[in-house]
Amino acid sequence: MKVLDKKLLRDLWAMKSQALAIALVITSGVATYVMSLSTMDSLKLTQKSFYQDHNFADVFASLKRAPESLRRRLEQVPDIEQVETRVVAEVKLDVEGYANPVTGRLVSLPDSGEPIMNRLYLRQGRLINPGSDDEVVVGEAFAQAHRFKPGDRLGAVINGRLRNLTLVGIALSPEYIFQIKPASIFPDFERYGVLWMSRTAMAAAYNMEGAFNDVTFKVAAGAKVEDVLDRLDLLLDPYGSQGAYGRHDQMSHRYLSEEFRQLAQMAFIFPVIFMGVAAFLLNVVISRLVNTQREQAAALKAFGYGNLDIGWHYLKLVLAIVIIGAAGGIAAGVWLGQGLGRMYMEFYRFPFLLYHLQPRVPAVAVLASAAAAILGTIYSVRRAALLPPAVAMRPEPPARYRETSIERLGFKRYLAQPTRMIMRNIERKPLKALLSVVGIAFACAIIITGGFFEDAVDYIIYVQFNLTQREDLSVTLVEPAARKALYELTSLPGVEYGEVFRSVPARFRFGHRRFRTSILGVEPESRLFRLLDMELKPFEPPPEGIVLCEYLARMLGVRPGDRLTVEVLEGNRPVKTVPVAGLINQLVGVSGYMELGALNRLMGEGHLISGAYLTADHDHRNRLYRTLHERPRVAGTEVQEEAIKNFKETMSRQALIFTSVITILATTIAFGVVYNSARIALAERSRELASLRVLGFTRGEIAYILLGELTVLTLASIPLGFLIGRLLCLYMVTNMENELFRVPIVIQPATFAFAATVVLVSGFFSALIVKRRLNRLDLVAVLKTKE
């Protein structure tokens, strides 16, 4: 082994605790990067494999009713490779022993066997026997929520008639990886399920013999999907189509795409912070090491070692720390990635998880860590390599101390001598102090970003269900009905108050931009469903015009006063130009809103409603649910309290895991910065502190001088950390905006307090370790150090 390599190992062992603290910071950054990207890559690989193996469709369309003969014309559309028609219906389900209302989607399966597209992955049981009219296959998420197994029975209201169905299989579908009820904002596996039934049985039940109301397509590779959608709309519009849409707009696929985008964002933000802090710590440590080894460097040059040898020696020391940290980070990242993947499997129903760590991920992580470390230490290494031997043999000139700005302002007489020493040392090296403050501040900021998501979710729930949707339950009718249906609903036992609404699918066009969503008609001065302006104050829809959520207005490029083309996709399908009357704040989904009368005039169909919002007596709710369930004109009932409860239980578990991981990683930053700052300060000032002990200062007083400086820096970092944390949250929120939800910037005081507490506790334990070393300071050995 070369002499310099032996020296490197001895140096590394002498600074093992500091090296370990830096390595932990690097480990955290690499682990975050590997965890995020490996999870994203694994989910994408799993998704791609599932899509390919089970032939996930490229284009989807729902319509009122079309003859099976239309299929031939659809097959002749350019760039269409496969067409599959089916019957789809929303049904009410009757689960024995479960009081809350349950709805589901019934999807037909070909009598000949498996479908061409969106084939099922059987987890248990079998597919439906040909000709069977009472067998169904149920989705795994719904089956697990109710502990169903093959052979169990389930009631379903099919086209107004109660049928008892036998569950013969439990399956997964690429179409419902993320299973969520249409128009809902949260998944609810207990109250919404997907079931598959034979085509013949469904056709007979819904009068669809020789007809279909849903169709899927496979598009040729390289085809422009937008052109295919335009051609399909021309053919499907006469049959009540709500507009064909591509895979990118399919609900399950959209949720997965957004999840991938957020993982990619996390893989960028957090590792950059960790690598930056690690580079700073390495710079401080290597600078100190170079200063203490000036004479050694001079002696090495005297023995014939060149500048390149000296520089490469210190770079190898830096790279050794990086390798240790990166190795730990890769191992931790793989372990965390596998755990995160298993957690996602609870929400995204894949039949398996193909965890795969692509070689580029650890390679990029190691190279980025090494690059950050080298950039952070290159100045110190260069200075060590170029230092002339004659200069290196001389000790560093003593530091110059002078009165601080605070002292010159007249506060000197109020400060004890040890306190003045603390302030003077900070002001003597302002850049070093600032970097220490920034490093600790980033630890505080990362913890804030971890708690921010939970705060934001709570805020979304508060706005959505306390300020906007204030009903106890909402009832949706099978078909639009006259307003008198409200009186039938409010006359039911337990109902206290009700308001109606009208919902129609529509396509908005403004210039070359267009967007497919729905228009909700609400009553004037509504108490149960209120629109909110940008300041969250109630907003009354005007008697004419349409109101858009602010995000949708930005997507379309419209402002209040502009005229928007509205294409209604049901009924007589009118196409009208409507003025944009205002913008509202909507955190979940994107919709247009109109006053109920204005929407009915737009539709030209009289005073029709789609359903009602109701408040009900809590003691009568179970009976009310049963009554509504038995009403054939009621398509479904949504209970807000149960939906919120289910969502909170799901999100709290996910948020707890995420916050725990982030807290552990951020603690390593706080500990690494504080501990290294304390150790370096002790090394730099050991002679000074020993001299003070000889002059009569107690151990407590010299500990106060050393650790008091660290306390000042730590306390100064917390407000800066709050600011950086908010800016990081703002950056993430800006990049997370999408059609499904917008996350507001809401950080509760408890989140700030928790972040500050973690930083202070990390500082406290770092101080205890340094205090122990300070108490063992060898006064004689230190005072023998050459000046």
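Residues numbered from 1 in each chain as written. Predicted model: local features only at pLDDT ≥ 70, side-chain atom pairs only at ≥ 80, totals over all residues. Heavy atoms only, no water.

Some thoughts on helix H8 (residues 294–302)
For an α-helix, 3.6 residues make a turn, and residues three or four places apart therefore share a direction.
Move 1: All of the buried residues along H8 are Arg-294, Ala-297, Ala-298, Leu-300 and Lys-301. The arc enclosing the buried residues of H8, seen along the axis, measures out at 160°, which places them on a common side.
Move 2: Backbone geometry just after H8 places Gly-304 at a positive phi near 105°. (Buried < 20%, exposed > 50% of the residue type's maximum accessible area, 1.4 Å probe, protein only. Helix = DSSP H or I, 4+ residues; strand = E, 2+ residues; numbered from the N terminus. Arc of directions from axis to C-beta.)

Description of empty space enclosed by the protein
Move 1: Going through the model one piece at a time under the given rule, you end up with six cavities of 30 Å³ or more.
Move 2: Estimated volume of the largest cavity: approximately 70 Å³.
Move 3: Looking at the largest cavity, the residues that line it are Leu-93, Asp-94, Val-95, Tyr-98, Ala-99, Asn-100, Pro-101, Val-102, Tyr-625, Arg-626 and His-629.
Move 4: Residue contributions to the lining of the largest cavity peak at three residues, all from helix H18 (residues 621–630).
Move 5: Of the residues that constitute the lining of the largest cavity, the class distribution is seven nonpolar, two polar and two charged.
Move 6: Taken as a whole, the second largest cavity spans an internal volume of roughly 60 Å³.
Move 7: Lining the second largest cavity are Gly-139, Glu-140, Ala-141, Ala-171, Leu-172, Ser-173, Tyr-176, Gln-179, Trp-196 and Arg-349.
Move 8: Secondary-structure elements contributing two or more residues to the lining of the second largest cavity are helix H4 (140–146) and strand E8 (161–172). (1 Å grid on protein atoms, 1.4 Å probe; cavity = no way out; pocket = protein on both sides within 12 Å on 5 of 7 lines; lining within 4 Å. Points joined across faces, edges and corners; volume = space filled by probe spheres on them. Nonpolar A, V, L, I, M, F, W, Y, C, P; charged D, E, K, R; others polar.)

Observations regarding the sheet that holds strand E2 (residues 80–86)
As a general point, the strands of a sheet are linked pairwise by backbone hydrogen bonds and lie either parallel or antiparallel.
Move 1: Strand order in the open sheet made by the four strands is E2-E10-E1-E11, with antiparallel pairing throughout. Looking at strand neighbours, the two that pair on one side only are E2 and strand E11 (245–246), the edges of this open sheet.
Move 2: Here two bridges tie strand E1 (residues 59–67) to E11, and the two strands are oriented antiparallel to one another. From the neighbouring strand, Val-59 faces E11, where its bridge partner is Gly-246.
Move 3: Running at roughly 10° to E1, helix H6 (residues 225–236) makes contact with E1, E2, strand E10 (211–219) and E11 of the sheet. (Pairing = 2+ DSSP bridges. Contact = heavy atoms within 4.5 Å. Axes fitted to C-alpha atoms, helices over the stretch in contact; angles between N-to-C directions.)

Describing the nonpolar core
Soluble globular proteins: nonpolar side chains tend toward being buried together.
Move 1: With 106 residues, the main nonpolar core has Ile-321, Tyr-348, Ile-446 and Ile-669 as its most contacted residues.
Move 2: One finds Leu-548, Leu-552, Leu-564 and Val-590 within the second-largest nonpolar core, a separate group that totals 34 residues. (Core = buried A, V, L, I, M, F, W, Y, C linked by side-chain atoms within 4.5 Å.)

Side note on the packing of helix H20 (residues 699–736) against helix H21 (residues 749–775)
Move 1: Where H20 contacts H21, the axes come no closer than 10 Å and their chain directions differ by 160°. Classified by the interaxial angle, the pair formed by H20 and H21 is roughly antiparallel. The crossing of H20 and H21 is right-handed. Of the residues in H21, those in contact with Arg-699, Ile-702, Ala-703, Leu-706, Leu-707, Thr-714, Leu-715, Ser-717, Ile-718 and Phe-722 of H20 are Phe-752, Ala-756, Val-759, Leu-760, Ala-767, Val-770, Lys-771, Leu-774 and Asn-775.
Move 2: Of the residues that constitute the contact of H20 with H21, the class distribution is 14 nonpolar, three polar and two charged. (Parallel < 35°, antiparallel > 145°, perpendicular 65-115°, else oblique. Left-handed = near helix turned anticlockwise from the far one by under 90°.)

Let's talk about the side chain of Ser-28
Move 1: Note that Ser-28 resides in helix H2 (residues 16–53).
Move 2: Excluding residues that lie within four positions of it along the chain, Ser-28 makes contacts with Phe-274, Leu-665 and Thr-668.

Here's the deal with the pattern of salt bridges
Move 1: Evaluated as defined, the whole model comprises 34 salt bridges.
Move 2: The partner of Arg-360 in a salt bridge is Asp-41, with the nearest N and O atoms 3.1 Å apart. Of this pair, Arg-360 sits in helix H10 (residues 360–386) while Asp-41 sits in helix H2, placing them 319 residues apart in sequence.
Move 3: A salt bridge links Arg-261 to Glu-258; its shortest N-O distance comes to 2.9 Å. Here the residue Arg-261 and the residue Glu-258 both occupy positions in helix H7 (residues 251–292), the gap between them amounting to three residues, near one helical turn.
Move 4: Glu-258 sits in the buried class, given a relative accessible area of 16%.
Move 5: One network of salt bridges, in which partners are shared, links Glu-68, Arg-71, Glu-75 and Arg-199. (Salt bridge = Lys/Arg side-chain N within 4 Å of Asp/Glu carboxyl O.)

So, the environment of Ala-681
Move 1: Inspection of the secondary structure puts Ala-681 in helix H19 (residues 640–694).
Move 2: The spatial distance from the C-alpha of Ala-681 to the C-alpha of Glu-709 is 9.3 Å, given a sequence separation of 28 residues.

Notes on a positive patch on the surface
Move 1: Taken together, the side chains of Lys-16, Arg-772, Arg-773 and Arg-776 make up a positively charged region of the molecular surface.
Move 2: Relative to the elements of secondary structure, Arg-776 occurs in the loop between H21 and helix H22 (779–783). (Patch = residues over 30% accessible without salt bridge, like charges linked within 9 Å, V, L, I, M, F, W, Y side chains within 5 Å. Areas by Shrake-Rupley, 256 points an atom, 1.4 Å probe, with all protein chains shown as cover. Lys, Arg positive; Asp, Glu negative; His and termini not counted. Charge placed at Lys NZ, Arg CZ, Asp CG, Glu CD.)

Quick word on unusual backbone geometry
Move 1: Positive phi values are uncommon outside glycine, yet Asn-55 reaches one of about 50°.
Move 2: The topology assignment puts Asn-55 in the loop between H2 and E1.
Move 3: Judged by relative accessible area, Asn-55 falls into the buried class, the value being 12%.
Move 4: Positive phi outside glycine occurs at Asp-79, with the angle close to 75°.
Move 5: Residue position: Asp-79 is located in the loop between helix H3 (70–75) and E2.
Move 6: Taking relative accessible area as the criterion, Asp-79 reaches 33% and is therefore assigned partly exposed.

A few points about the packing of aromatic side chains
Move 1: Evaluated as defined, the whole model comprises 15 aromatic pairs.
Move 2: Taken together, a centroid distance of 6.3 Å and an interplanar angle of 70° make the contact between Tyr-121 and Phe-352 edge-to-face. Taken together, the residues span a long stretch of sequence, with Tyr-121 in strand E5 (residues 121–125) and Phe-352 in the loop between helix H9 (307–344) and H10 at a distance of 231 residues.
Move 3: For Tyr-121, a relative accessible area of 26% gives the class partly exposed.
Move 4: Ring centres of Tyr-176 and Trp-196 lie 6.3 Å apart, and the angle between their planes is 65°; this geometry places the pair in the edge-to-face category. Taken as a pair, Tyr-176 in the loop between E8 and strand E9 (192–198) and Trp-196 in strand E9 lie far apart in primary sequence, 20 residues in all. Comparing Tyr-176 with Trp-196 shows no difference in burial state: the two are buried. (Phe/Tyr/Trp six-rings, centres within 6.5 Å; stacked < 30°, edge-to-face > 60°.)

Some remarks on the pairing of E8
Two faces, one strand: in a regular strand the side chains alternate between the faces of the sheet.
Move 1: Pairing analysis gives four bridges linking E5 to E8, with the strands arranged antiparallel. If you follow Gln-124 over to E8, its bridge partner there is Ile-170.
Move 2: Looking at chain direction, strand E6 (residues 135–139) and E8 are connected through five bridges and run parallel. Bridge pairing in E8 places Val-136 opposite Leu-167.
Move 3: Here strand E7 (residues 153–158) pairs with E8 via six bridges, running antiparallel. By the bridge assignment for E8, Gly-155 is matched with Asn-164.
Move 4: What sits between E7 and E8 in their antiparallel hairpin is a turn of two residues, with Asn-159 showing a positive phi close to 55°.

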